[in-house]
Amino acid sequence: MVTSCCVPGCAEPVASGASVPLCESHVLLVSDFRSERVGTEDALPGPCLVCGSRLGVRWPSAALCAVCEWPYGDVPDGGLAPPRVDVVYYLRQRDDLGDRVKIGTTANPRQRLGRISHQELLAFERGDRVLERRRHAAFGALRYPGTEWFRTSPELLAHVAVVAAGVVDPWAVHARWTSEALALRG
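Residues numbered from 1 in each chain as written. Predicted model: local features only at pLDDT ≥ 70, side-chain atom pairs only at ≥ 80, totals over all residues. Heavy atoms only, no water.

J.: Please set out the sheet that holds strand β6 (residues 120–126) residue by residue, giving values where relevant.
T.: Spatial ordering of the open sheet is given by β6-β4-β5-β7, a layout of four strands whose pairing is antiparallel. The sheet terminates laterally at β6 and β7 (149–151), the two strands that pair on one side only. Between one strand axis and the next, the sheet turns through 25° on average, direction left out of account. Inspection of the sheet shows strand β5 (residues 98–106) paired to β7 by three bridges, in the antiparallel sense. Residue pairing for β7: V101 is matched across the bridge by F150. Docked against the sheet, helix α3 (residues 129–138) engages β4 (87–95), β5, β6 and β7, running at close to 155° with respect to β5. Along the sheet, helix α4 (residues 154–163) makes contact with β4, β5, β6 and β7, crossing β6 at roughly 65°. (Pairing = 2+ DSSP bridges. Helix = DSSP H or I, 4+ residues; strand = E, 2+ residues; numbered from the N terminus. Axes fitted to C-alpha atoms, helices over the stretch in contact; angles between N-to-C directions. Contact = heavy atoms within 4.5 Å.)

Put into structure tokens, the structure is as follows:
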């Protein structure tokens, strides 16, 4: 049985209950070293399989994607359909028709937004047709008849600013929602 610290030149007794033969001061040094690296952002060894981000956070049990929080190394079950995440989207278009915002909904924003002419994705709001109808009613006075396009106004832009508050990239929020839906599904 080892009774002294295994660090060369240290003759202190092994700390009580230590699983490695280290003295109390060396156990504390190792603990401090480890705690400085836990929960810190770092590059993932490869892209996240859910959102593609390379930025991660290291924890004792796993590395998580810093964008969508999917555990690095976990593979989503390819046999299952992707989770349904309904969003209300806000698109901006400035052209001959004026400065306008489209309020729509979809469960597949990449495909849907790829088919709509727009200059800027302003925000995503988690919700389905019920929420979309509420937004259409709230800004009905600004609506171009027969469309989902609305004239910009201070009220509409203020609403979009509240929805987008603290969000740099709406796609990152969507990736997180998708990751959460995958995690809840098991």
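J.: If you had to explain the packing of aromatic side chains to someone new, which residues and values would you point to?
T.: In this structure the tally under the stated criterion is one aromatic pair. A centroid spacing of 5.0 Å and a plane angle of 80° characterise the contact between F124 and W171, whose relative ring orientation is edge-to-face. Here the residue F124 occupies a position in strand β6, and W171 occupies one in helix α5 (residues 170–185), the gap between them amounting to 47 residues. The side chain of R151 reaches across the aromatic face of Y144, ending 5.7 Å from its centre. (Phe/Tyr/Trp six-rings, centres within 6.5 Å; stacked < 30°, edge-to-face > 60°. Lys NZ or Arg CZ within 6 Å of the ring centre and 35° of its normal.)

J.: Could you give me a rundown of the pairing of β6, with the residues and numbers involved?
T.: With respect to burial, β6 is a largely interior element, five of its seven residues being buried. The pairing of β4 with β6 spans six bridges and is classified as antiparallel. Note on β6: the bridge partner recorded for Y90 is A123. (Buried < 20%, exposed > 50% of the residue type's maximum accessible area, 1.4 Å probe, protein only.)

Interpretation note: all reported values are geometric properties and have no functional meaning in isolation.
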